[in-house]
Amino acid sequence: MKPWILLAALAFLAPGKSYATSKGKPALDSELYQLIEIEDQRDGRHPFLQEALKGKDPELAARALLALGRIGEPGAAPLVQPHLASSQATVRRHAAFALGLIKQAESLKPLQGRLARESQPAVRAELYAALGRLQVPEVLPILEAALQQEKHPVAQSGLAMGFCFLFLAADAKTWDVSPEALSLLMNQMKSQAPLGIAAAWALARYQGDISRLPEQALIAAITGAREPEARAIALKALARHKTENTARFLTQLLQEGESHNVRIEAAQSLAGQTPQDFVLKALLAAAGRDMTIVRAAALNTLATFQNLSGVVPQTLQAMTKSQPSPWLQGKAYLALAPQLPADARRTLILEGLQHPDVYVQREMITLLPQLDAEGLKILANKADNPSILIAGAALHVLRERGKDQMNDSLKAVMLKQLARHDPVITSIVMDAAGKFGWKDALPLLIKASEEKWALADYPVQENLMGALAQFQDPATLPLVEKYLQHPVRNVVVKAAEAWQNITGKPLEKPLPHNHRVDEATPALTDIQKALESEIILDTDKGRVRLVMLKDAPVTATKVVQWAQKGFYDGLNFHRVVPHWVVQGGDPRGDGEGGEGLIRDEVSMSPHLPYTVGIATAGKDTGSTQMFFNLGNNTRLDGAYTVFAQVIDGRDVVDRLELGDKIIKATVQPFRGL
């Protein structure tokens, strides 16, 4: 349940009533706190922002610029741009970062102009990164020219990350990236961190012609890299070369790589290579005896191959029982299934559905469509399962069926699930109704969306509008127009889509850039106390100690408060991706749940290994779910909040598996490093 959404939605449905929750907060006694509050409430036009920008305190001005960047309203760019000329380096750096977050193409010229005059390497680094975040092709020649000229390693690191962010653009695959620029990045990959790792990320995100990253040159750069993490990341680029030479290099690293992240990426990069005997032998060996997270990566890759015979299915069959944890047993099932003939695969899937671990059962549910009519019948049965984890998995799979597979019986089963009064399951059913055109179910959908439990979870309203966008029924236009005033931006966006589909006209009213929120910002005293705290997580694998970071004060405060209330006690880690993240904090256990709201507090703090971030599904949609970075994930910088750092128990984080629990979360005063 998300209380702020419930309160806002009630106000939306009953205009004129006040459901504000702010009470008992002490009077403001800090200009910094006032900026924190303005930012948290997404009040980009508050007069104090202008006062802070015009004042003589550079730290306050820098914090105001950060607030404008986090709020992210396009109209804020002209307010920020003049501060690129500040006499204070910290102000110029924050101005560049804010413009990168706002992402308006009109900022290109001011950023480029400042770059030509900037003497401070740290500011130049942020200018390069901001240019990359604009993700427009006009930036490419600017960065390529800088790559020839920039000599300071700090600025070079920002430049390499600028390339990484730039290459994330949707159309970057078509851009004419010069071979010389790619060659220079390969050379920089041999440098120490952070430059070597930043260059590796730029190469990993390059989407263009792979012949411009010659195989032998890339292998030489990977071999010569000083940082194991740079080697691991660059393997993502090498994986695009589908040759025996690359496959042999990857298998060697899988067998001999000095860090588990190198071995993980070697295993994952073998997906798509020809499954020759030496490849399969190395993957089976890693799946059988390496550390858990590497075993998982090897099994993931084995699952991408099909119709393997001989020792592979025999070994995988044994691993469904011999692997030391349900997580790995489930991955062994998934790797074995595509190797088996139809009858044997059916037996395997039915066996896996009886596994005592719910996550293994969920994996098997994804394979049920392979059993054709029998599989659909089982899916219908699973959709009625009392467990929301099982029912939700089955409904997800049913929703993805083709229209030729969706019959009246399955439709009835799906609509029946609205009676569960579960917001996630209701959202799945609404999405399916739109996809399959169930216009006759509209009264049921509307009734479900107006229930109190549904009002507290905006995806229900969002998916209702998505269904109406598909129905294109003029009779629903009054309802759609009502939802154009909804407090949650995501809902308004879908309502606008429905309005345009129904009327055939573009919506003239501009869409809101942020949600409207009635929830109060945590009190200053609570923030101060939280930032002086640490959280101890006792897990199935051991103890992890987190220190809060000052760059995300509201996020840190809310997580500390949830921990103090016992919210995290007993919750599972529901998502584990090798060399990426371990994620937990969802009371549902499937990645679809949470409680409360956390606004994005993205900052210049990087997503380094063992930092802790907040999971989101778009801007300002964070909640109680947190993730541990298992590797250098700096490509997430500026997109996801970093609020904490693991200072003890990093080996525990590396050993966490899907389904492991947070036994107890304890908050105490920070004891020092």
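Conventions we followed
Residues numbered from 1 in each chain as written. Predicted model: local features only at pLDDT ≥ 70, side-chain atom pairs only at ≥ 80, totals over all residues. Heavy atoms only, no water. Core = buried A, V, L, I, M, F, W, Y, C linked by side-chain atoms within 4.5 Å. Buried < 20%, exposed > 50% of the residue type's maximum accessible area, 1.4 Å probe, protein only. Contact = heavy atoms within 4.5 Å. Pairing = 2+ DSSP bridges. Helix = DSSP H or I, 4+ residues; strand = E, 2+ residues; numbered from the N terminus. Axes fitted to C-alpha atoms, helices over the stretch in contact; angles between N-to-C directions. Salt bridge = Lys/Arg side-chain N within 4 Å of Asp/Glu carboxyl O. Patch = residues over 30% accessible without salt bridge, like charges linked within 9 Å, V, L, I, M, F, W, Y side chains within 5 Å. Areas by Shrake-Rupley, 256 points an atom, 1.4 Å probe, with all protein chains shown as cover. Lys, Arg positive; Asp, Glu negative; His and termini not counted. Charge placed at Lys NZ, Arg CZ, Asp CG, Glu CD. 1 Å grid on protein atoms, 1.4 Å probe; cavity = no way out; pocket = protein on both sides within 12 Å on 5 of 7 lines; lining within 4 Å. Points joined across faces, edges and corners; volume = space filled by probe spheres on them. Nonpolar A, V, L, I, M, F, W, Y, C, P; charged D, E, K, R; others polar. Phe/Tyr/Trp six-rings, centres within 6.5 Å; stacked < 30°, edge-to-face > 60°. Lys NZ or Arg CZ within 6 Å of the ring centre and 35° of its normal. Parallel < 35°, antiparallel > 145°, perpendicular 65-115°, else oblique. Left-handed = near helix turned anticlockwise from the far one by under 90°.

*Asks:* How should the nonpolar core be read in this particular structure?
*Replies:* Within soluble globular proteins, side chains that are nonpolar generally end up buried alongside one another. In terms of nonpolar packing, the biggest core is built from 221 residues, with Met 189, Leu 546, Tyr 568 and Phe 628 touching the most fellow members. When sequence neighbours within four positions are dropped, the list of residues in contact with Leu 546 reads Glu 534, Ile 535, Leu 537, Val 612, Phe 628, Ala 644, Gln 645 and Val 646. Grouped together as the second largest cluster of nonpolar side chains are five residues, Tyr 33, Ile 36, Leu 524 and Ile 527 included.

*Asks:* Which parts of the structure should I look at to understand the sheet that holds strand β2 (residues 542-548)?
*Replies:* To summarise the sheet geometry, strands pair through backbone hydrogen bonds and adopt either a parallel or an antiparallel arrangement. Judged by pairing direction, the sheet is antiparallel, and its eight strands sit side by side in the order β3-β4-β6-β5-β7-β2-β1-β8 without closing on themselves. Unpaired on one side and paired on the other, β3 (573-577) and β8 (662-669) mark the two borders of the sheet. Averaged over all pairs of adjacent strands, the angle between strand axes in this sheet comes to 25 degrees, irrespective of strand direction. Bridge count between strand β5 (residues 611-614) and strand β6 (residues 626-629): three bridges; the pairing is antiparallel. Each residue of the ladder has a partner; that of Val 612, found in β6, is Phe 628.

*Asks:* Sorry if this is basic, but what is going on with the environment of Asp 290 here?
*Replies:* Position of Asp 290 relative to the elements: it lies in the loop between α17 (277-289) and α18 (292-302). Residues Asp 290 and Pro 228 lie 62 residues apart in sequence; the distance between their C-alpha atoms is 18 Å. Discounting chain neighbours no more than four positions away, the residues touching Asp 290 are Arg 263, Ala 285 and Arg 295.

*Asks:* Would you take a moment to explain unusual backbone geometry for this structure?
*Replies:* The omega torsion of the bond from Ala 193 to Pro 194 falls at 5 degrees, within 30 degrees of zero and hence cis. Residue placement: Pro 194 occurs in the loop between α11 (179-188) and α12 (195-205). Look at Asp 372: it is not a glycine, yet its phi comes out positive at around 55 degrees. Turning to its location among the elements, Asp 372 is positioned in helix α23 (residues 372-383).

*Asks:* What is the right way to look at the environment of Tyr 640 in this model?
*Replies:* Here Tyr 640 is to be found in the loop between β6 and β7 (642-648). Each C-alpha atom of the pair Tyr 640 and Arg 117 lies 31 Å from the other, and the pair is 523 residues apart in sequence.

*Asks:* Got a minute to help me understand the pattern of salt bridges in this structure?
*Replies:* Where charged atoms from two side chains of opposite charge come close, those side chains can pair. All told, the structure shown has 34 salt bridges when counted by the stated rule. The closest approach of N and O atoms between Glu 118 and Arg 114, which form a salt bridge, is 3.1 Å. For Glu 534, the salt bridge goes to Arg 545, with nearest N and O atoms at 2.9 Å. Residue Glu 534 is found in strand β1 (residues 533-539), and its partner Arg 545 is found in strand β2; the two are separated by eleven residues along the sequence. According to the relative accessible area criterion, Arg 545 is buried, its value standing at 3%.

*Asks:* Would you mind showing me how to read a negative patch on the surface here?
*Replies:* Residues Glu 31, Glu 51, Asp 57 and Glu 59 make up a contiguous surface patch of negative charge. With relative accessibility at 45%, the residue Glu 31 sits in the partly exposed group.

*Asks:* Just to check I follow, could you spell out the layout of surface pockets for this structure?
*Replies:* Vacant regions in the atomic arrangement are exposed by a probe of water-molecule size rolled over the atoms. Its boundaries defined by the atoms lining it, the largest pocket holds a volume of some 720 Å³. Looking at the largest pocket, it is lined by 32 residues, and the ones nearest its centre are Gly 591, Glu 592, Thr 616, Ala 617 and Gln 625. Listed by contribution, the elements that provide at least two residues to the lining of the largest pocket are α24 (388-399), α26 (423-436), α29 (458-471), β3 and β4 (581-584). Taken together, the residues that form the lining of the largest pocket break down as eleven nonpolar, 14 polar and seven charged.

*Asks:* What am I meant to see in the side chain of Asp 40 here?
*Replies:* Relative to the helices and strands, Asp 40 is located in helix α2 (residues 31-40). No salt bridge is formed by the buried Asp 40. Its closest oppositely charged neighbour is Arg 599, at 4.8 Å. Residue contacts for Asp 40: discarding those within four places in its chain leaves Thr 521, Val 554 and Arg 599.

*Asks:* Honestly, the packing of aromatic side chains in this entry has me stumped. Any pointers?
*Replies:* Both the distance between ring centres and the angle between the ring planes are used here to describe each pair of aromatic rings. Scanning the model with the defined rule gives seven aromatic pairs in all. On the basis of an interplanar angle of 40 degrees and a centroid distance of 6.4 Å, the ring pair of Trp 562 and Phe 567 is categorised as tilted. The buried category is assigned to Trp 562, whose relative accessible area is 9%. Note on Phe 567 and Tyr 568: the rings are 5.3 Å apart at their centroids and 90 degrees apart in plane angle, and the pair reads as edge-to-face. The same class applies to Phe 567 as to Tyr 568, namely buried. Ring pairing ties together the aromatic residues Phe 163, Phe 167 and Tyr 206, which thus form one cluster. It is Arg 248 that lies over the ring of Phe 278; its NZ or CZ is 3.9 Å from the centre.

*Asks:* Would you take a moment to explain the packing of helix α9 (residues 139-149) against helix α10 (residues 153-166) for this structure?
*Replies:* One can describe the packing of α9 onto α10 by two numbers: an axis separation of 10 Å at closest approach and a directional angle of 155 degrees. Relative to α10, the element α9 is oriented roughly antiparallel. The element α9 and its partner α10 pack so that their crossing is left-handed. Residues Val 139, Leu 140, Leu 143, Glu 144, Ala 146 and Leu 147 of α9 pack against Leu 159, Gly 162, Phe 163 and Leu 166 of α10. Looking at side-chain class alone, the contact of α9 with α10 contains eight nonpolar, one polar and one charged residues.

*Asks:* Looking at this structure, how should I read the environment of Val 581?
*Replies:* One can find Val 581 in strand β4. On the accessibility criterion, Val 581 (3% relative accessible area) is buried. Along the backbone, Val 581 and Asn 629 are 48 residues apart, and their C-alpha atoms lie at a distance of 4.8 Å. Filtering out sequence-adjacent residues up to four positions away, Val 581 remains in contact with Arg 575, Val 576, Phe 627, Phe 628, Asn 629, Leu 630 and Asn 633.

Any functional reading would require information that these geometric values do not contain.
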